[in-house]
Amino acid sequence: MIRTLRLENYRGFKEYELRDLARVNLLVGPNDCGKTSILEAVELLVSRGDPQVLVESMRRRGEFHVTPDGRKISLYPVYHQFHGHGIGTGSSLSISSDDGLGQVRIDIVEGWQDESHELFDVSEAGLLPLALLIRRGREEENLKYPLTQDGALAWSRSMPRRPPRSRQSTLPPAQFVTAESLRPRDMAALWDHVLVDRRESEVESALRILQPDLDSIRFLTGDAAGRAGGIVLGFKAGSRRVPIGSHGDGMRRLLAVSLSLVRAAGGFVLIDEIDTGLHWTVMEGMWKLVVSAAMESSIQVFATTHSLDCIIGLASLLRDRPDLADSVSVQKIERRLDHGVSFDRKDIVTAADLSIEMR
């Protein structure tokens, strides 16, 4: 579990540190303070610098390389990952922790003279192009990818994601739930794992936070699935099941969160805007689900919110559960500082009772 997270030259952070992290961590702060960037940093660290994770974060943000004539092409502008949105030879960023995950460092270097021209083409001016070098600790675990001269990565799923000696099975699982929840096909894949592990009752219980009379969840297959994802809910034995979309964004949100919690046992769940689509009256129930699953399945959760109701719901749970004192923290992201401000159980409950602004 990550107790301290350090960022250097990563996105909006020149140098930043989160301390006193707990099993469940809620990140708060104003717009554009870097909450989502911290989720992405954790995912990149946990993946040991998997370039696919880097690319997915750029896709989620809509960061594509645009040609001078305005065409958006399948090149990913790596320079947005670096503080100041600019790179050159010698630029670097790092994400690190002292809790067993070590460090991931990304450097911008030149192509080496003796490298194959199939990977690096020498320009007409005789200059070697830029390259992205991902360092994972030991020298033999480095990975290198060519960039365009202005710092864009042409990524293909066929490109190597880890060195030959690296074993993916040793990495802890990590699930990233965006503010728009998960794509239908991603939820369907998670549901398959839930079925194999015979844990569908846990997911059904989670959705009963919103609909107590829920009886079943089913994922359609083939043409019946359609673009909506083919998720139907049953509420009474023998009655016709209805699409999940008929019950608003909150049901889809809880489904995405609960599926991720089941799948990420022993790993990490990262949830952007955890309260999306959820009414204030269910916030305490939502937090009870998240905290209980995190503790029972050894999951570390990082979530973001802009909602005061979300914080009050967490405080309400903590007020009745003093045993959670070491398991939950609120981290206020302050750009004017070089570290986040950590609030423990007592701080969270006191702030809620006294209507002290934490966001």
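Residues numbered from 1 in each chain as written. Predicted model: local features only at pLDDT ≥ 70, side-chain atom pairs only at ≥ 80, totals over all residues. Heavy atoms only, no water.

S.K.: Quick one: what's the story with unusual backbone geometry, residue by residue and with numbers?
M.R.: The backbone phi angle of Asn9 is positive, close to 60 degrees, even though this residue is not glycine. Position of Asn9 relative to the elements: it lies in strand 1 (residues 5–10). Phi angles above zero are rare outside glycine, and Arg48 is one such case at about 60 degrees. (Helix = DSSP H or I, 4+ residues; strand = E, 2+ residues; numbered from the N terminus.)

S.K.: How would you sum up the packing of aromatic side chains? Please name residues and give values.
M.R.: By the definition in use, this model includes three aromatic pairs. Ring geometry for Phe13 and Tyr16: centres 4.7 Å apart, planes at 35 degrees, overall tilted. On the accessibility criterion, Tyr16 (4% relative accessible area) is buried. Over the ring of Phe176 we find Arg60; its NZ or CZ atom is 3.8 Å from the centre of that ring. The ring of Phe13 has Arg335 sitting right over it, with the charged end atom 5.1 Å from the ring centre. (Phe/Tyr/Trp six-rings, centres within 6.5 Å; stacked < 30°, edge-to-face > 60°. Buried < 20%, exposed > 50% of the residue type's maximum accessible area, 1.4 Å probe, protein only. Lys NZ or Arg CZ within 6 Å of the ring centre and 35° of its normal.)

S.K.: Tell me about the packing of helix 6 (residues 283–296) against helix 7 (residues 308–320), and name the residues and values.
M.R.: The geometry of helix 6 relative to helix 7 is characterised by a closest axis approach of 8 Å and an angle of 65 degrees between their N-to-C directions. Crossing hand, helix 6 versus helix 7: right-handed. Residues Met283, Glu284, Met286, Trp287, Lys288 and Val291 of helix 6 touch helix 7, and the partners they reach there are Asp309, Cys310, Gly313, Leu314, Ser316, Leu317 and Asp320. By residue class, the composition of the contact of helix 6 with helix 7 is seven nonpolar, two polar and four charged. (Axes fitted to C-alpha atoms, helices over the stretch in contact; angles between N-to-C directions. Left-handed = near helix turned anticlockwise from the far one by under 90°. Contact = heavy atoms within 4.5 Å. Nonpolar A, V, L, I, M, F, W, Y, C, P; charged D, E, K, R; others polar.)

S.K.: Go over the sheet that holds strand 12 (residues 174–177), please, and point to the residues and values.
M.R.: Judged by pairing direction, the sheet is mixed, and its six strands sit side by side in the order 12-16-17-3-18-19 without closing on themselves. The strands lining the two open edges of the sheet, one partner per strand, are strand 12 and strand 19 (341–343). Direction aside, the axes of adjacent strands within the sheet are offset by 15 degrees on average. Note that strand 12 and strand 16 (residues 268–271) share four bridges and pair parallel. Bridge pairing in strand 16 places Val177 opposite Ile271. (Pairing = 2+ DSSP bridges.)

S.K.: Account for the confidence of the model for the protein chain, with residues named and values stated.
M.R.: For any part of a model where pLDDT is low, the fine detail of the predicted coordinates should not be relied upon. Looking at the protein chain as a whole, the pLDDT averages 86, with 88% of positions reaching at least 70. Per-residue pLDDT stays below 50 along residues 116–126; that stretch engages in 13 contacts with residues further than four places along the chain or on separate chains. (pLDDT = per-residue confidence, 0-100.)

S.K.: Please set out helix 8 (residues 345–353) residue by residue, giving values where relevant.
M.R.: Within helix 8, the full set of buried residues consists of Arg345, Ile348, Val349 and Ala351. For helix 8, the angular spread of the buried residues around the axis is 160 degrees, confining them to a single face. Where helix 8 is buried, its residues touch helix 7, strand 18 (328–332) and strand 19. Within two residues after helix 8, Ser355 carries a phi angle of roughly 55 degrees, on the positive side. (Arc of directions from axis to C-beta.)

S.K.: Run through the packing of helix 1 (residues 35–46) against helix 2 (residues 51–61), naming residues and quoting values.
M.R.: Relative to each other, helix 1 and helix 2 sit at 160 degrees, their axes nearing to 9 Å. In this view, helix 1 runs roughly antiparallel relative to helix 2, as classed from their interaxial angle. For helix 1 against helix 2, the interelement crossing comes out right-handed. Residues Thr36, Ser37, Glu40, Glu43 and Leu44 of helix 1 lie in contact with helix 2, whose contacting residues are Val53, Leu54, Ser57, Arg60 and Arg61. Class assignment for the residues of the contact of helix 1 with helix 2 results in three nonpolar, three polar and four charged. (Parallel < 35°, antiparallel > 145°, perpendicular 65-115°, else oblique.)

S.K.: So what's going on with a negative patch on the surface? Residues and values would help.
M.R.: On the surface, Asp20, Asp326, Asp344 and Asp347 cluster together into a patch of negative charge. Structurally, Asp347 is set in helix 8. (Patch = residues over 30% accessible without salt bridge, like charges linked within 9 Å, V, L, I, M, F, W, Y side chains within 5 Å. Areas by Shrake-Rupley, 256 points an atom, 1.4 Å probe, with all protein chains shown as cover. Salt bridge = Lys/Arg side-chain N within 4 Å of Asp/Glu carboxyl O. Lys, Arg positive; Asp, Glu negative; His and termini not counted. Charge placed at Lys NZ, Arg CZ, Asp CG, Glu CD.)

S.K.: Tell me about the nonpolar core, and name the residues and values.
M.R.: Among the nonpolar cores identified, the biggest contains 58 residues, and Leu26, Ile217, Leu255 and Trp287 are the most heavily contacted of them. Once you skip the residues sitting within four places of it in the chain, Ile217 turns out to touch Trp191, Val203, Glu204, Leu207, Ile231, Val232, Leu233 and Leu255. Counting residues in each nonpolar core, the second largest holds 44 residues, with Tyr16, Leu27, Val46 and Phe268 among its members. (Core = buried A, V, L, I, M, F, W, Y, C linked by side-chain atoms within 4.5 Å.)

S.K.: I'd like a rundown of the sheet that holds strand 1, residues and numbers included.
M.R.: Sheet architecture is open: six strands sit in the order 2-1-7-8-9-10, paired in antiparallel fashion. The sheet terminates laterally at strand 2 (13–18) and strand 10 (143–146), the two strands that pair on one side only. Each strand of the sheet is rotated relative to its neighbour by a mean of 15 degrees, with strand direction disregarded. Summarising the sheet, strand 9 (residues 130–135) and strand 10 pair through four bridges and their orientation is antiparallel. By the bridge assignment for strand 10, Ala131 is matched with Pro146.

S.K.: Describe in detail the environment of Val341, supporting the description with residues and values.
M.R.: Mapped onto the secondary structure, Val341 falls in strand 19. Filtering out sequence-adjacent residues up to four positions away, Val341 remains in contact with Val330, Gln331, Lys332 and Glu334.

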